[in-house]
Amino acid sequence: MSFIISLKDIERFYDVGGEVVRALDGLDLNISANEYISIMGPSGSGKSTLMNMIGCLDTPTNGTYEFENEYVHEMNEGQLASIRNRKIGFVFQTFNLLPKSSALRNVEVPLIYANISKKERIDRAKQSLIDVGLEDRMHHKPNELSGGQRQRVGIARAIIKRPLLLLADEPVASLDPKAANLILSLLKKINKEFGTTILCNLHQVDLAKKYSDRLVGLLDGKIIFDEKSENINKSNLEKIYV
């Protein structure tokens, strides 16, 4: 089986006040195209560090990271930026929207520096908002939208370049259960209709099992389990939520 992402013996150590913190400690993970994977674990387990590593926002202390036959662990900052721009979309817990700009303008932003004409940028931003069900909110500013709607704007912005990989870091942590289900079902739709590989940090076990193909459990920078969602049981979860 071929993988679009392959992590082998990944370590990420930090020096904090003279003490070495092992954020990732000998981690192996393979991800195939079109998968929807949820990463689970308590605070401090390494979830965000792993997401930053896969998203080319950080580099490993040791180990190999291969993304579509490109050796990410050997890249400089310019090369990492190129990978991010070409292949990865990001969805954030805090939305990260421009407060004084419309939804349309917020979604258009990733294309502004890509040498794309204004007409094409606007056309693609409109389509991206249609894709997430916000065709009637294009000209609203963030403070005129609900939390779930703001997150959908964030998703529209993330998918406007049709990335190969979409990384969602706690995308529903600040949303009510109804809005959380809408957001995760939207990510599932993007996964199925666009063929986008989804990697999502989640705390909610029931939602992770409902929408994901695989669940990966982290504890102390190590993978404790890696199972299909239907195979996850109480004993799996007790290993990470101790």
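In the block above lies the structure referred to throughout.
One structure accompanies this document, and this report is about it. (Residues numbered from 1 in each chain as written. Predicted model: local features only at pLDDT ≥ 70, side-chain atom pairs only at ≥ 80, totals over all residues. Heavy atoms only, no water.)

### Re the overall build of the chain
Logical step 1: In terms of helices and strands, the chain carries 8 helices and 10 strands.
Logical step 2: In terms of C-alpha radius of gyration, the chain reaches 18 Å, essentially the compact-globule figure of 18 Å for 242 residues.
Logical step 3: Seen through its principal axes, the chain has C-alpha atoms that stretch 50 × 40 × 40 Å.
Logical step 4: The proportion of buried residues among the 242 residues of the chain is 49%. (Helix = DSSP H or I, 4+ residues; strand = E, 2+ residues; numbered from the N terminus. Rg over C-alpha atoms; globule rule 2.2 N^0.38 Å. Buried < 20%, exposed > 50% of the residue type's maximum accessible area, 1.4 Å probe, protein only.)

### Looking at the environment of isoleucine 37
Logical step 1: Within the secondary structure layout, isoleucine 37 lies in strand E3 (residues 36-40).
Logical step 2: Judged by relative accessible area, isoleucine 37 falls into the buried class, the value being 0%.
Logical step 3: Taking C-alpha positions, isoleucine 37 is 22 Å from tyrosine 71, a pair spaced 34 residues apart along the chain.
Logical step 4: Isoleucine 37 has contacts with Ile31, Ile198, Leu199, Cys200, Ser212, Arg214 and Val216, leaving out every residue within four places of it along the chain. (Contact = heavy atoms within 4.5 Å.)

### Some thoughts on the pattern of salt bridges
Logical step 1: Across all of its chains, the model carries 17 salt bridges by this definition.
Logical step 2: Close ionic contact of lysine 87 with glutamate 70 constitutes a salt bridge, the shortest N to O distance being 2.8 Å. Here lysine 87, found in helix H2 (residues 77-87), pairs with glutamate 70, found in strand E5 (residues 70-71); they are 17 residues apart in sequence, far enough to count as distant.
Logical step 3: What you see here is one network of salt bridges that share partners, running through Glu68, Glu70, Arg86 and Lys87. (Salt bridge = Lys/Arg side-chain N within 4 Å of Asp/Glu carboxyl O.)

### A word on unusual backbone geometry
Logical step 1: For cysteine 56, which is not a glycine, the phi torsion comes out positive at approximately 60 degrees.
Logical step 2: Looking at where cysteine 56 falls in the secondary structure, it is placed in the loop between helix H1 (47-54) and strand E4 (62-67).
Logical step 3: Among the residues examined, cysteine 56 registers a relative accessible area of 0% and is labelled buried.
Logical step 4: A positive phi angle, close to 50 degrees, is found at arginine 162, a residue other than glycine.

### Let's talk about a nonpolar patch on the surface
Logical step 1: Taken together, the side chains of Tyr14, Val16 and Val21 define a hydrophobic patch exposed on the protein surface, amounting to about 230 Å² of accessible area.
Logical step 2: Mapped onto the fold, valine 21 is located in strand E2 (residues 19-31).
Logical step 3: You can call valine 21 partly exposed: its relative accessible area is 36%. (Patch = residues over 30% accessible without salt bridge, like charges linked within 9 Å, V, L, I, M, F, W, Y side chains within 5 Å. Areas by Shrake-Rupley, 256 points an atom, 1.4 Å probe, with all protein chains shown as cover.)

### Observations regarding the packing of helix H4 (residues 118-131) against helix H5 (residues 147-159)
Logical step 1: Contact geometry of H4 with H5 gives a least axis separation of 9 Å together with a crossing angle of 130 degrees. Of the possible angle classes, the one that applies to H4 and H5 is oblique. Judged by the sense of rotation from one axis to the other, the crossing of H4 with H5 is right-handed. Between H4 and H5, the residues in contact are Ser128, Leu129 and Asp131 and Val153, Ala156 and Ile159, respectively. (Axes fitted to C-alpha atoms, helices over the stretch in contact; angles between N-to-C directions. Parallel < 35°, antiparallel > 145°, perpendicular 65-115°, else oblique. Left-handed = near helix turned anticlockwise from the far one by under 90°.)

### Points about the pairing of strand E1 (residues 5-16)
Logical step 1: Relative to E2, E1 is paired through 10 bridges, and the arrangement is antiparallel. Directly across from isoleucine 5, in E2, lies its bridge partner isoleucine 31.
Logical step 2: Remark: 2 residues form the turn of the hairpin made by E1 and E2, two consecutive strands paired antiparallel; glycine 17 in that turn has positive phi of roughly 60 degrees.
Logical step 3: Of the pairings in the sheet, the one linking E1 to E4 comprises 5 bridges and is antiparallel in character. When the bridges of E4 are listed, glutamate 11 appears paired with asparagine 62. (Pairing = 2+ DSSP bridges.)

### Digging into the nonpolar core
Logical step 1: Grouped together as the largest cluster of nonpolar side chains are 44 residues, with contacts concentrated most on Leu129, Val132, Val153, Ile155 and Leu184.
Logical step 2: Ranked by the residues each element gives to this core, the list is headed by helix H6 (residues 177-194), at 7 residues.
Logical step 3: Leucine 184 has contacts with Tyr36, Pro171, Val172, Cys200, Leu202, Leu207 and Tyr211, leaving out every residue within four places of it along the chain.
Logical step 4: Formed by 28 residues, the second largest nonpolar core is a distinct cluster that contains Ile39, Cys56, Leu165 and Leu167. (Core = buried A, V, L, I, M, F, W, Y, C linked by side-chain atoms within 4.5 Å.)

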